[in-house]
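# A look at the structure
Single-letter residue listing:
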Amino acid sequence: MPNNSRPPVALLSLATAVPPHVLVQEEAKSFARSLFGTRMRLFEQLEPVFDNAGVATRRLSRPTDWYWGDHGWKERNQVYLETAEALYVEAARKALDQAGVEARDIDCLVTVSTTGIATPSLEARVAGRMGFRVDAERVPLFGLGCAGGVSGLATAARLAAAGEGRTALFVTIELCSTTIRIDKVSKANIVATALFGDGAAAAVLRSGDGGWATVEGGCEILWPDTLGIMGWDVEDPGLAVIFDRAIPPFVEQYMATAVAHMLEALGLERREIDRFTCHPGGAKVVAALESGLALKEGELDHERAILRDFGNMSAPTVLFVLERLLQAGMPERTLLLALGPGFTAAGLSLARARNA
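Residues numbered from 1 in each chain as written. Predicted model: local features only at pLDDT ≥ 70, side-chain atom pairs only at ≥ 80, totals over all residues. Heavy atoms only, no water.

To keep it simple, the criterion reads: UniProt positions are given in the numbering used here, feature names are shortened, and annotations may be inferred rather than shown by experiment.
The name recorded for the protein in an unreviewed UniProt entry is Type III polyketide synthase, from Allosphingosinicella humi. Among the UniProt annotations of the protein, the heading Sequence similarities (unreviewed entry) holds the following wording: "Belongs to the thiolase-like superfamily. Chalcone/stilbene synthases family."

In structure tokens:
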């Protein structure tokens, strides 16, 4: 059993939302061939990534024609703000409705997003539409990347645990497609065009028992001297993705040790984890997770299904996987895992609620 002196925190609900524009992978490959045609030799070398990425469809913030345009920071960020606000409201309202909670009942608002800049932050921009209290605590988090779905949920749980009956709303939104750059022909940019989609997820957590699951605790591991593995470069006319091709072998080599450290910190043993619920960064990353964690080949089935249907949406993706797991039947205990810039591994232990 976990070592945890804090009061229990219940995961009352989990909801997801995506923008309306659907991109089929074959169309994405043709689109990318046109976009990056100036460097055909490089594209032909990398074209198989579209077939091997494990992605069939994705959702985008704008129709594909938009991505042909010459968009600078201001226009890209305006698209981010418009779409992110709409997805925040949709995902948050779904989560509140599932939990049977009113917006005015929320004591703390945790928002994770890294693909755009919002000042005031997103939860402030939609506060009037949502009906949040004027004294609700706001905690916007930036720079977490793909790990943000796990570390943000852990942060919301810690804040909910600060008082009896305290209720937190966690929302994460990433619009990776707004970073697609036709001016920058690079391996990382072509891979991102094969993988990235847009989406949002929201959850309501409350100090006490009940709901779908009990949050037992979170943990993070930051590997030193790994800043260049994953992240964004801030450039004109927009963000430029950093992807190191060494991510899958890094995962295979180091993930098991990281998980062992996490479990020790959480007071758990490996045998007590019934399922790992992972962020599917790409098909090779999913395979590396199975290998590195000594899982059966194909065991991360929900991860592959979400990657196939939605692509890599960065932080929200692992919560799409968790949503599918909850629908299929929550195991006795699962450990959420995601990798992000830093290079960082974030983990969160969830135990099935007694009445679930």
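### Side note on the overall build of the protein
How we decide: Helix and strand assignments come from DSSP, with helices taken as H or I runs of at least 4 residues and strands as E runs of at least 2, each series counted from the N terminus. Atoms counted for the radius of gyration: C-alpha only. Globule rule: 2.2 Å times the number of residues to the power 0.38. Residue exposure (1.4 Å probe, protein chains only): buried if accessible area is under 20% of the type maximum, exposed if over 50%, otherwise partly exposed. By definition in these notes, contact holds between two residues if any of their heavy atoms fall within 4.5 Å. Using a 1.4 Å probe, accessible areas were evaluated by the Shrake-Rupley method; residue-level cover was limited to the displayed protein chains.
When helices and strands are tallied, the protein shows 12 helices and 13 strands. Against the 2.2 N^0.38 benchmark of 21 Å for 356 residues, the protein shows a C-alpha radius of gyration of 19 Å, consistent with a compact globule. Projected onto the principal axes, the alpha-carbon positions of the protein cover approximately 60 × 50 × 35 Å. Split into buried and exposed, the 356 residues of the protein put 60% on the buried side. Put simply, 80% of the contacts in the protein that link residues at least 6 apart link residues at least 24 apart. Surface summary for the protein: the accessible area is close to 14500 Å², and the carbon and sulfur share equals 51%.

### What to know about the nonpolar core
Nonpolar side chains in soluble globular proteins tend to be buried together. Cut-off, in case you're wondering: By nonpolar core is meant a set of buried Ala, Val, Leu, Ile, Met, Phe, Trp, Tyr and Cys residues that side-chain atoms within 4.5 Å join together. For the purposes of this description, domain bounds are those given by an automatic or database domain assignment.
Ranked by internal contacts, the top residues of the largest apolar core, which has 41 residues, are L153, F170, L205, L319, L322 and L336. Counting contributing residues, this core receives three or more from each of domain 1 (9-207) and domain 2 (213-352). Excluding residues that lie within four positions of it along the chain, L322 makes contacts with L11, L14, T277, L336 and L350.

### Structural notes on empty space enclosed by the protein
Applicable threshold: For cavity detection a 1 Å grid was placed over the protein atoms alone, and a set of points counts as a cavity when a 1.4 Å probe fits there but cannot get out; an open set counts as a pocket when protein lies on both sides within 12 Å along at least five of seven lines, with lining residues being those that have an atom within 4 Å of a point. Grid points are joined across faces, edges and corners, and a volume is the space filled by probe spheres set on the points. Residues are grouped as follows: nonpolar covers Ala, Val, Leu, Ile, Met, Phe, Trp, Tyr, Cys and Pro; charged covers Asp, Glu, Lys and Arg; every other residue, Gly included, is treated as polar.
On inspection of all chains with the given rule, the structure shows four cavities of 30 Å³ or more. In this model, the largest cavity occupies a volume close to 110 Å³. What lines the largest cavity is a set of 15 residues, and nearest its centre among them are G145, C146, M230, W232 and S314. Tallied by class, the residues present in the lining of the largest cavity amount to nine nonpolar, five polar and one charged. Residue contributions to the lining of the largest cavity reach at least three from each of two domains, namely domain 1 (9-207) and domain 2 (213-352). Its boundaries defined by the atoms lining it, the second largest cavity holds a volume of some 80 Å³. For the second largest cavity, the full set of lining residues is W73, R76, N77, T115, G116, T178, T179, G238 and L239.

### Describing the side chain of S177
Test applied: We call two N or O atoms a polar contact when they sit within 3.5 Å, provided that within protein one can donate a hydrogen and the other can accept it, with sequence-adjacent residues counted only if both atoms are side-chain atoms.
Assignment of secondary structure puts S177 in the loop between β6 (167-175) and α8 (187-195). For S177, a relative accessible area of 0% gives the class buried. Side-chain polar atoms of S177 contact the side chain of D198, separated by 2.6 Å. For S177, the residues in contact, after removing those within four places along its chain, are L60, S61, Y67 and D198.

### A look at the packing of helix α9 (residues 247-266) against helix α10 (residues 283-292)
The criterion, for reference: Note on definitions: angles span 0 to 180 degrees between N-to-C directions of axes, and those axes are lines fitted to C-alpha atoms, for helices only across the stretch in contact. The labels follow the angle: roughly parallel below 35 degrees, roughly antiparallel above 145, roughly perpendicular from 65 to 115, and oblique for the rest. By the definition used in this description, the sense in which the near helix is turned from the far one sets the handedness, with an anticlockwise turn below a right angle giving left-handed and a clockwise turn giving right-handed.
Packing of α9 against α10 leaves a shortest axis separation of 8 Å and a crossing angle of 25 degrees. Of the possible angle classes, the one that applies to α9 and α10 is roughly parallel. Handedness of the crossing formed by α9 with α10: right-handed. Each of I247, P248, V251, E252, M255 and A256 in α9 lies in contact with α10, whose residues at this interface are K284, V285, A288, L289, S291 and G292. The residue inventory of the contact of α9 with α10, partitioned by class, reads eight nonpolar, two polar and two charged.

### Here's the deal with the layout of surface pockets
In this structure, the largest pocket encloses a volume near 770 Å³. Counting residues per element, the ones that place at least two in the lining of the largest pocket are α2 (40-46), α3 (48-52), α8, α9, α10 and β12 (333-340). Within the lining of the largest pocket, the residues separate by chemical class into 20 nonpolar, six polar and four charged. Two domains each donate at least three residues to the lining of the largest pocket, and these are domain 1 (9-207) and domain 2 (213-352).

### A closer look at the pattern of salt bridges
How we decide: What counts as a salt bridge is simple: a side-chain nitrogen of Lys or Arg found within 4 Å of a carboxyl oxygen of Asp or Glu.
Applying the stated criterion to the full structure yields 19 salt bridges. When salt bridges that share partners are traced, they join E26, K29 and D51 into one network.

### Some remarks on the side chain of T334
Here T334 shows up in strand β12. You can call T334 buried: its relative accessible area is 0%. Contacts of T334, omitting those with residues within four sequence positions, involve R275, F276, T277, L325, L348, S349 and L350.

### Quick word on the domain arrangement of the protein
Cut-off, in case you're wondering: Two parts lose some accessible area (1.4 Å probe) when they are put together, and adding that loss for both gives the buried area.
Under the domain assignment, the protein is made up of domain 1 (9-207) and domain 2 (213-352). Once you take the C-alpha centre of each, domain 1 and domain 2 turn out to be 17 Å apart. With 55 residues of domain 1 at the interface, the matching set in domain 2 holds 46 residues. Of the roughly 3900 Å² buried at the junction of domain 1 and domain 2 (both faces included), carbon and sulfur atoms supply 69%. Contact with domain 2 buries surface across domain 1, with W73, C146 and V150 losing the most and accounting together for 18% of the total. If you look at where domain 1 meets domain 2, you find zero salt bridges. Joining domain 1 to domain 2, the criterion identifies 15 residue pairs in polar contact (both at pLDDT 80 or more). Mapped onto the side of domain 1 that touches domain 2, the elements with two or more residues apiece are β1 (9-17), β3 (57-60), α4 (73-99), α7 (148-160), β6, α8 and β7 (198-207).

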